[in-house]
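One letter stands for each residue in the lines below.
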Amino acid sequence: MAKEKTAFLIYEDWETIFNSLDNNEEAGQLIKSLFAFAKRGEVAKFKGALKMAFIVMSQQIARDNNRYSVKCERNKQIA
């Protein structure tokens, strides 16, 4: 039985994105939406800067998840 993925990366350069948001409330909304996306695939319905930030970050999370899945499959073949 394969272990469920329990983590996702937060990149240091995302700090610039978080700091460019209007306030901490928006930053909180964004980080909560990233957890929902990473855990359940939920896509947030934001507008403006939050929408742009979510798109950039969720696409990176999706790419990371894909690389992780490929690596897991490759490791199964080796084992």
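Structure shown above.
Draft legend 1. Looking closely at the nonpolar core. In this structure, Phe18, Leu30 and Leu34 are the most contacted members of the largest nonpolar core, which totals 14 residues. When contributions to this core are tallied by element, the ones reaching two or more residues are helix 1 (14-20), helix 2 (24-40) and helix 3 (48-78). Sort the elements by how many residues they give to this core and helix 3 lands first, with five residues. Excluding anything up to four places from it in sequence, Leu34 contacts Phe8, Trp14, Phe18, Phe54, Met57, Ser58 and Ile61.

Draft legend 2. Quick look at the layout of surface pockets. In this structure, the largest pocket encloses a volume near 210 Å³. Lining the largest pocket are Glu4, Lys5, Thr6, Ala7, Phe8, Phe35, Ala38, Lys39 and Asn65. No other element matches helix 2, which puts three residues into the lining of the largest pocket. Here the lining of the largest pocket is built from residues that sort into four nonpolar, two polar and three charged.

Rules behind the numbers
Residues numbered from 1 in each chain as written. Predicted model: local features only at pLDDT ≥ 70, side-chain atom pairs only at ≥ 80, totals over all residues. Heavy atoms only, no water. Core = buried A, V, L, I, M, F, W, Y, C linked by side-chain atoms within 4.5 Å. Buried < 20%, exposed > 50% of the residue type's maximum accessible area, 1.4 Å probe, protein only. Helix = DSSP H or I, 4+ residues; strand = E, 2+ residues; numbered from the N terminus. Contact = heavy atoms within 4.5 Å. 1 Å grid on protein atoms, 1.4 Å probe; cavity = no way out; pocket = protein on both sides within 12 Å on 5 of 7 lines; lining within 4 Å. Points joined across faces, edges and corners; volume = space filled by probe spheres on them. Nonpolar A, V, L, I, M, F, W, Y, C, P; charged D, E, K, R; others polar.

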